Amino acid sequence: MKKKQIILWMVALLAIIWPNQNKAQGIDFSNIIEVVEDENPYYFIQQAPVKALGNANWEIVWQAKSIQAILLASNNHDHVGMPMVVYTEFSAIPGLLLCDPAMYASNKKVYTNFESWIDIVFVGAGNKTLTVSLDFASKKWLALDNDNNEICRYDLPNWQWLQFSLMMFYDEDVLIKKWGEVNK
């Protein structure tokens, strides 16, 4: 991670925590954020993603050379399976969405097959990848490693990934229809 990005994350974290400093007295935040010393400067890493994905895979997310979004569910068959590069102005969003501890809170049993609508592929050093597959029908997500082995599977706690998908594929009828269903 570049020094500018680390400084930006620290400033953002301080901007969130500082105004609420008096309200937070007596609350133990040690289970939320842990400081890990590495060869690089200190990283602030949330424990839930690290425990679910593993250190090596979490490093791929935060040190990704590129991020691609791949649409797998579409009425327009020209777009299906074509990787779309996530532009720099959107590149922090998938990592931030994966930071949410609610993403790792539950894994309720669903009696349907997992059908990925969108794959978000993080490409790290040495072309190692971490793929986050999103199924909006069953409201599930799963993470796949470099060899397409499942790392973890959880429930989607909210529709923020669908919002991100709509930013990337704004003209896809399937995503627009699903967004209309969830916002009735």
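What counts as what
- Residues numbered from 1 in each chain as written.
- Predicted model: local features only at pLDDT ≥ 70, side-chain atom pairs only at ≥ 80, totals over all residues.
- Heavy atoms only, no water.
- Helix = DSSP H or I, 4+ residues; strand = E, 2+ residues; numbered from the N terminus.
- Buried < 20%, exposed > 50% of the residue type's maximum accessible area, 1.4 Å probe, protein only.
- Salt bridge = Lys/Arg side-chain N within 4 Å of Asp/Glu carboxyl O.

### Considerations on unusual backbone geometry
Then, number 1: The backbone of Asn127 shows a phi angle near 55°, a positive value even though the residue is not glycine.
Then, number 2: Locating Asn127 in the fold gives a position in the loop between strand E5 (118-123) and strand E6 (129-135).
Then, number 3: Residue classification places Asn127 among the exposed residues on the basis of a relative accessible area of 54%.
Then, number 4: In this structure, Lys139 takes a positive phi of about 55° despite not being glycine.
Then, number 5: One can find Lys139 in the loop between E6 and strand E7 (140-144).

### Things to note about the pattern of salt bridges
Then, number 1: By the definition in use, this model includes three salt bridges.
Then, number 2: The shortest N-O distance in the salt bridge between Asp155 and Lys140 comes to 2.6 Å. In this pair, Asp155 is assigned in strand E8 (residues 150-155) and Lys140 in strand E7, connecting sequence segments 15 residues apart.
Then, number 3: Taking the shortest distance from any N to any O, the salt bridge between Arg153 and Glu150 comes out at 2.9 Å.
Then, number 4: Looking at Arg153, the relative accessible area reads 28%, which means it is partly exposed.
Then, number 5: On the accessibility criterion, Glu150 (43% relative accessible area) is partly exposed.

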